[in-house]
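A closer look at the structure
Here are the chains, one letter per residue:
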Amino acid sequence: GNSVTQMEGPVTLSEEAFLTINCTYTATGYPSLFWYVQYPGEGLQLLLKATKADDKGSNKGFEATYRKETTSFHLEKGSVQVSDSAVYFCALTQYSSASKIIFGSGTRLSIRP
Amino acid sequence: NAGVTQTPKFQVLKTGQSMTLQCAQDMNHNSMYWYRQDPGMGLRLIYYSASEGTTDKGEVPNGYNVSRLNKREFSLRLESAAPSQTSVYFCASSERGRGTEAFFGQGTRLTVV
């Protein structure tokens with residue numbers, strides 16, 4: 001079946017450091033890939049997405065590229081800020097009548113000033 | 001713009017009590033979901049509904065029932081609460097289609113004592 005594996009946290013970085021959170025997936029066909037972010041005490045919200053191979057999603061300085069050859073969708077940011085502290089979830093959907101969302105386990109990111 | 005609204009936000013139950021978590025969305029989405037989030041476990045799908053009148057089990061359906069009352073509302077019922085059901089519950093909705101994002105409620109923090 002479909003699954004998403006992302007790097008375990010917590011990840012702690014200093015402000016202005018480079019961030020990578022790894023995400024790989026298992027799916028048949030051509031899933032859509034997502035990164036969601038959860039700030040403390042809130043629900044999840046979409047950070048970025050990509051719907052086909054080689055697409056790059058970007059938002060708020062974060063980027064991720066849909067790599068079909070490596071089945072990966074790694075999240076990157078060049079210079080993190082304290083306000084980026086949150087839990088990040090990689091996810092996929094397969095287009096079907098159900099469009100069920102499959103989530104990774106989440107990675108908690110903490111940024112030190 | 002309300003999006004996805006969950007009630008209540010917090011609840012404490014005694015073992016064996018029953019309760020219903022309410023969820024409503026105002027985006028005319030076809031698909032709705034209930035997830036639970038436990039520390040270190042990410043999000044696990046309890047039930048989902050691809051359209052009005054249909055519901056399907058997710059990963060962890062035992063101990064729960066759902067009702068898709070109409071297109072807007074999707075409720076989750078705990079018939080006889082157990083301490084293992086202590087968790088944060090999230091409702092989400094999405095439209096069918098390639099690459100469509102899910103919208104989440106703020107969550108219900110449930111404690112069963």
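Please refer to the structure placed before this passage.
To keep things clear, this report deals only with the structure shown in the data block. Treat the numbers as computed from the prediction; the structure is a model and nothing was measured.

1. Here we look at the sheet that holds strand β3 (residues 19-25) of chain B
All names here are of chain B.
- Ordered in space as β1-β3-β8-β7, the four strands form an open sheet in which the pairing is antiparallel. Of all strands in the sheet, those bounded by a partner on one side alone are β1 (4-7) and β7 (64-68). Mean inter-strand twist for the sheet, computed between neighbouring axes without regard to direction, equals 15°.

2. Thoughts on the state of the cysteines
All names here are of chain A.
- A full pass over the atoms with the stated rule returns two disulfides over all chains.
- For Cys-23, the disulfide goes to Cys-90, at an S-S distance of 1.9 Å. The S-S bond linking Cys-23 to Cys-90 shows a torsion near -70°; that makes this disulfide left-handed. Note that Cys-23 is positioned in strand β4 (residues 23-26) and Cys-90 in strand β10 (residues 86-93), a separation of 67 residues in sequence.

3. Re the nonpolar core
- Grouped together as the largest cluster of nonpolar side chains are 26 residues, with contacts concentrated most on Trp-35, Leu-47, Leu-48, Phe-73, Leu-75 and Tyr-88 of chain A.
- Residue assignment for this core shows that the elements contributing at least two residues are β2 (11-14), β3 (19-21), β4, β5 (32-38), β6 (44-50), β8 (62-65), β10 and β12 (107-112) of chain A.
- By residue number, the principal contributor to this core is β10 of chain A, which donates four residues.
- If we ignore the near neighbours within four places in the chain, the residues touching Leu-48 of chain A are Leu-33, Phe-34, Trp-35, Gly-57, Ser-58, Asn-59, Phe-62, Glu-63, Ala-64, Phe-73 and Leu-75 of chain A.
- In terms of nonpolar packing, the next biggest core, distinct from the first, is built from 20 residues, Leu-13, Leu-21, Val-66 and Leu-76 of chain B among them.

4. Some remarks on the packing of aromatic side chains
- Under the defined criterion, the tally for this structure stands at eleven aromatic pairs over all chains.
- Aromatic side chains Phe-103 of chain A and Phe-104 of chain B sit 5.9 Å apart centroid to centroid with 70° between the ring planes, which places their arrangement in the edge-to-face category. Note that Phe-103 of chain A is positioned in strand β11 (residues 101-103) and Phe-104 of chain B in strand β10 (residues 102-104), a pairing that runs across two chains.
- According to the relative accessible area criterion, Phe-103 of chain A is buried, its value standing at 9%.
- Taking the relative accessible area as the measure of exposure, Phe-104 of chain B reaches 10% and is therefore buried.
- Both rings, one in Tyr-35 of chain B and one in Phe-104 of chain B, keep their centres 6.2 Å apart while their planes meet at 40°; by these two values the pair is tilted. You can see Tyr-35 of chain B sitting in strand β4 (residues 31-38) and its partner Phe-104 of chain B sitting in strand β10, a full 69 residues away along the chain.
- Taking relative accessible area as the criterion, Tyr-35 of chain B reaches 1% and is therefore assigned buried.
- When the ring centre of Tyr-30 of chain A is taken as reference, the NZ or CZ atom of Lys-68 of chain A above it lies at 4.4 Å.

5. Re unusual backbone geometry
Residue and element names in this part refer to chain A.
- Residues Gly-9 and Pro-10 are joined by a peptide bond in cis, for which omega reads -5°.
- Assignment of secondary structure puts Pro-10 in the loop between β1 (3-6) and β2.
- Of note in this structure, Glu-16 is not a glycine but carries a positive phi near 75°.
- Despite not being glycine, Asp-54 shows a phi value in the positive range, around 75°.
- Residue placement: Asp-54 occurs in the loop between β6 and β7 (56-59).

Here is what the cut-offs are and how they apply
Residues numbered from 1 in each chain as written. Chains lettered and ligands numbered in written order. Predicted model: local features only at pLDDT ≥ 70, side-chain atom pairs only at ≥ 80, totals over all residues. Heavy atoms only, no water. Pairing = 2+ DSSP bridges. Helix = DSSP H or I, 4+ residues; strand = E, 2+ residues; numbered from the N terminus. Axes fitted to C-alpha atoms, helices over the stretch in contact; angles between N-to-C directions. Disulfide = S-S within 2.5 Å. Core = buried A, V, L, I, M, F, W, Y, C linked by side-chain atoms within 4.5 Å. Buried < 20%, exposed > 50% of the residue type's maximum accessible area, 1.4 Å probe, protein only. Contact = heavy atoms within 4.5 Å. Phe/Tyr/Trp six-rings, centres within 6.5 Å; stacked < 30°, edge-to-face > 60°. Lys NZ or Arg CZ within 6 Å of the ring centre and 35° of its normal.

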